[in-house]
Amino acid sequence: MPRDDMNSLIQKIARQARLTFRGPGSSGDGKGFADNVTQLKKLMSEIRAEDLKIRPRKGAQAPASVPQSPPVTYMHICETDGFSMGVFLLKGGSGIPLHDHPGMHGMLKVLYGKVRISGFDKVEPTPAASKGSVLRAMLRSSGEYSDSSPPCLLSPHRDNLHQIVAVDGPAAFLDILAPPYDPDDGRDCHYYKLAPASGEQSGGSAAEASGVLPREVWLLEIPQPDEFWCGGEPYPGPKVSV
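The structure contained in this document is the topic of the report that follows. (Residues numbered from 1 in each chain as written. Predicted model: local features only at pLDDT ≥ 70, side-chain atom pairs only at ≥ 80, totals over all residues. Heavy atoms only, no water.)

### Looking at the pattern of salt bridges
Here is step 1: All chains considered together, the criterion is met by eight salt bridges.
Here is step 2: As a salt-bridge pair, D35 and K31 come within 2.8 Å of each other at their nearest N and O atoms. Note that D35 and K31 are positioned in helix 3 (residues 31–46) at a spacing of four residues, about one turn of the helix.
Here is step 3: Residue class for K31 comes out exposed when judged on its relative accessible area of 63%.
Here is step 4: Linking R57 and E233 is a salt bridge whose minimum nitrogen-to-oxygen distance equals 2.5 Å. Of this pair, R57 sits in the loop between helix 3 and strand 1 (72–79) while E233 sits in the segment after strand 12 (230–232), and the two are 176 residues apart along the sequence.
Here is step 5: Overlapping salt bridges, with partners in common, bring together K114, R116 and E144 in one network. (Salt bridge = Lys/Arg side-chain N within 4 Å of Asp/Glu carboxyl O. Helix = DSSP H or I, 4+ residues; strand = E, 2+ residues; numbered from the N terminus. Buried < 20%, exposed > 50% of the residue type's maximum accessible area, 1.4 Å probe, protein only.)

Written as structure tokens, this is what we have:
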């Protein structure tokens, strides 16, 4: 690998992510883990779109008249047993629906544009009334993030369910998930919408759940929404070795 790539910021982030998330057995407990997360967050705070040779896209809205064009695109950077890293590109007016990350940590840093992120926590233990596809949860956070914002963090128990929506045009963010999704190991992605019991209209989005936080809501598990799908695109930035 060229020397410039070995010393690139994204390579440093990958090394720190590998140190932080050593494998599927990483518990996320202890001072050592917390210190590593702090260092990873510091490095992620410094990353910019130009570091990854990514230029902001133009176009205010996702072109609904072009069904072949995905509203969201993913650039894969690297993956190990312990973590995956890549860049999501969102067209204006599009986003990633409310979904979960079972048993996973995550870190997200906006590269350009602005996104609104609404984070939910599952309420445990699950009451009998919520058996099946209805989940009792707490709307824990809701806010807008730009390239000047610090990274957004999630853990297996905090903001583990979230929705990401591009605001006022296209947006992109660097994303780390640890460990990666793996349906065979119980880490499959599930989608949700606010249930009518939450006081919202059926099908209401997480972004519509405003008011005082935290706030208890009911979430209904749904299939992947028809209007959402994710395409692939080559990553143009420095090579990463893990």
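### Observations concerning the sheet that holds strand 7 (residues 152–154)
By way of backbone hydrogen bonds, the strands of a sheet pair with one another, either parallel or antiparallel.
Here is step 1: Strand order in the open sheet made by the six strands is 7-4-9-2-1-12, with mixed pairing throughout. In the strand order of this sheet, the two ends are held by strand 7 and strand 12, each with one partner. Across this sheet, the average inter-strand angle for adjacent strands is 25°, counted without regard to direction.
Here is step 2: As paired elements, strand 2 (residues 84–90) and strand 9 (residues 171–178) share seven bridges and run antiparallel to each other. Its bridge partner being in strand 9, G86 is matched across the sheet by D175.
Here is step 3: Against the sheet, helix 2 (residues 9–20) contacts strand 1, strand 2 and strand 9, and its axis sits at roughly 30° relative to strand 9.
Here is step 4: Lying over the sheet, helix 3 contacts strand 4 (105–112), strand 7 and strand 9, oriented at roughly 15° with respect to strand 4. (Pairing = 2+ DSSP bridges. Axes fitted to C-alpha atoms, helices over the stretch in contact; angles between N-to-C directions. Contact = heavy atoms within 4.5 Å.)

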